[in-house]
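Inside the fold
Read off the chains here:
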Amino acid sequence: MEKTKKSNPLKSFITIAVSLAIAALFMWLALRGIEFEKIAGYFAKANYFWVFAATVFGVLAYWFRAIRWNLLLEPLGYKISNSNALWTISFGYLMNLTIPRSGEVARSTALFGVENVPVDKSFGTIILERVVDLVCMGFFLLLTLVFKYDAILSFYQYVTAQSGNAPKAESGNKIYLLMGVFVGLGILFFALRKHLEKYPIYQKAINFAKGIFHGLTSIFKLKQKLKFILLSLAIWICYYFAAYLVCFALPETSGFTFADGFFIIVVGTLGMMVPASGGIGAFHFALKLGIMALFLSMGKNPEEGGEVGLSYAFISHTMQLAIMVVMGIISMPMLAKERGRLLSR
């Protein structure tokens, strides 16, 4: 029988309390200075057909992730059903709404209950998934830097101008300056590498980087490498359209381009990475700032952009929560049924 660690009630309580506090802080930052009547007005005129279309892509990403997980488990000698993979993933996402970052363990434990896959082995594949997702996120970040650098620069100039420290350098000079800083840091790192090796934090950083590298190279040991890559692309394409299609629900964002969609998914993902319960507050604050930046780059009123961004965030985040809750609730009886079937064999 697979052994799992008993949860510590006090630790769980503290984790939940801290997570809720972080969510409350970011939600306060997001709502500060916003008139609720204006936000309600955006909701009233929203076209929810596009929200439904975005929901389809959100659910489809679950299915593609389930199939991809099966590919990762095959080299370990386990062939699980795609449906069981789907419901364990759904259950894991639901658990993330209670205790942040608990979904990975819950997902592995649930899979053991219906497929007898050892928790440690399935958990290792989930870590690999996170590495792949990090690379995909990096790709979208690169696209954002290439196509929406003007939005990032405009927002930076706006913030510094508000603080009375408006930048005087031209944007082109800033790019060269930024590149010079990175090159300088790289040279400094190699020059001090031997000296840094005696510090534990350096070793942890190096080991983390090696872990990512080994995780990526292990992908090439898969039997169906191309299918794995295509499924990874399909997952993030679904994420992209789940975020981008919501833009068409609001008249103020319906003219956003595909490049604007890159910017939105990156900003939204960064917001969801904050350890707040379900990304509440952090996601809203991130999109408020993100769409404000897009409005600035278009020469529009940034304050209006903040209102629109917050409205977009409420619609998009509510959609994501609905998917997680509905899929998670459905997963519980489905997993219970499969577990009963396994025990009766």
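Note that the structure is predicted; figures quoted are calculated from it, not measured. (Residues numbered from 1 in each chain as written. Predicted model: local features only at pLDDT ≥ 70, side-chain atom pairs only at ≥ 80, totals over all residues. Heavy atoms only, no water.)

Observations concerning the overall build of the protein
Within the protein one finds 14 helices and zero strands. Each helix (α) and strand (β) of the protein, taken in turn from the N terminus, gives the series α-α-α-α-α-α-α-α-α-α-α-α-α-α. The buried share of the protein, reckoned over its 345 residues, is 43%. Contacts in the protein between residues far apart in sequence, at least 24 positions, make up 73% of those at least 6 positions apart. Total accessible area on the protein is roughly 18700 Å²; 71% of this is exposed by carbon and sulfur atoms. (Helix = DSSP H or I, 4+ residues; strand = E, 2+ residues; numbered from the N terminus. Buried < 20%, exposed > 50% of the residue type's maximum accessible area, 1.4 Å probe, protein only. Contact = heavy atoms within 4.5 Å. Areas by Shrake-Rupley, 256 points an atom, 1.4 Å probe, with all protein chains shown as cover.)

Observations concerning helix α13 (residues 282–297)
Think of an α-helix as 3.6 residues a turn; residues three or four steps apart then line up on the same face. For α13, which comprises 16 residues, the first-to-last C-alpha distance of 23 Å matches the rise-based estimate of 22 Å (1.5 Å per residue) to within 8%. In terms of burial, α13 is a largely internal element, 13 of the 16 residues being buried. Just downstream of α13, glycine 299 is the residue with a positive phi angle, here 75°. (Expected span 1.5 Å × (residues − 1).)

What to know about the side chain of glutamate 307
Mapping glutamate 307 onto the fold places it in helix α14 (residues 302–343). In this structure glutamate 307 comes out as buried when scored by relative accessible area, which is 13%.

As for the confidence of the model for the protein
Within the protein, residue pLDDT values average 83, and 79% of them lie at 70 or more. Mean pLDDT values for the elements of the protein range from 60 in helix α8 (residues 171–191) up to 95 in helix α3 (residues 48–73). Note on residues 1–5: pLDDT is under 50 here. Beyond four places in sequence and across chains, it has eight contacts. (pLDDT = per-residue confidence, 0-100.)

Let's talk about the packing of α3 against helix α6 (residues 119–147)
Where α3 meets α6, the axes come as close as 10 Å, and the angle between the chain directions of the two elements is 120°. Considered as vectors, α3 and α6 are oriented oblique to each other. Between α3 and α6 the crossing geometry is right-handed. Note on element contacts: α6 touches α3 through Ser122, Thr125, Ile126, Leu128, Glu129, Arg130, Val132 and Asp133, opposite Arg65, Arg68, Trp69, Leu72 and Leu73. (Axes fitted to C-alpha atoms, helices over the stretch in contact; angles between N-to-C directions. Parallel < 35°, antiparallel > 145°, perpendicular 65-115°, else oblique. Left-handed = near helix turned anticlockwise from the far one by under 90°.)

Remarks on unusual backbone geometry
Of note, the phi angle at asparagine 116 is positive, near 60°, even though the residue is not glycine. Among the structural elements, asparagine 116 can be located in the loop between α5 (103–115) and α6.

Things to note about the environment of alanine 23
If you trace the backbone, alanine 23 turns up in helix α1 (residues 9–31). Residue class for alanine 23 comes out buried when judged on its relative accessible area of 7%. Residue contacts for alanine 23: discarding those within four places in its chain leaves Ala276, Ser277, Ile280 and Gly281.

Re a nonpolar patch on the surface
Side chains of Leu226, Ile229, Leu230, Leu233 and Ile237 sit close together on the surface and give an oily, nonpolar patch of about 480 Å² of accessible area. Position of leucine 233 among the secondary structure elements: in helix α11 (residues 225–244). (Patch = residues over 30% accessible without salt bridge, like charges linked within 9 Å, V, L, I, M, F, W, Y side chains within 5 Å. Salt bridge = Lys/Arg side-chain N within 4 Å of Asp/Glu carboxyl O.)

A word on the UniProt feature "transmembrane region" (unreviewed entry) in the protein
Within this numbering scheme, the UniProt entry marks residues 12–34, 46–64, 131–155, 175–192, 228–251 and 310–336 as carrying the feature "transmembrane region" (unreviewed entry). Across residues 46–64, the secondary structure splits into 89% helix and 0% strand, with the terminal C-alpha atoms separated by 29 Å. Regarding residues 131–155, the helix share stands at 96% and the strand share at 0%, and the terminal C-alpha atoms are separated by 30 Å. (UniProt positions renumbered as here; feature names shortened; annotations may be inferred.)

Some remarks on α1
Compared with an ideal rise of 1.5 Å per residue, which puts 23 residues at 33 Å, α1 spans 32 Å between its outermost C-alpha atoms and is within 8% of the ideal. Within α1 the residues assigned to the buried category are Ser19, Ala23, Met27, Leu29 and Ala30. Among the residues trailing α1, glycine 33 stands out with phi positive, at a value near 80°.

As for the packing of aromatic side chains
Within this structure, the stated rule accounts for 19 aromatic pairs. Here tyrosine 240 and phenylalanine 258 contribute two aromatic rings whose centre-to-centre distance is 6.2 Å and whose plane-to-plane angle is 10°, an arrangement assigned as stacked. A residue pair is termed long-range when its members are at least 10 positions apart, and tyrosine 240 in helix α11 and phenylalanine 258 in helix α12 (residues 258–272) qualify at 18 residues. Taking the centre distance of 5.2 Å and the plane angle of 80° together, the rings of tyrosine 244 and phenylalanine 248 count as edge-to-face. A residue is classified by how much of its surface remains accessible, and tyrosine 244, at 5% relative accessible area, is buried. The class of phenylalanine 248 is partly exposed, set by a relative accessible area of 26%. (Phe/Tyr/Trp six-rings, centres within 6.5 Å; stacked < 30°, edge-to-face > 60°.)

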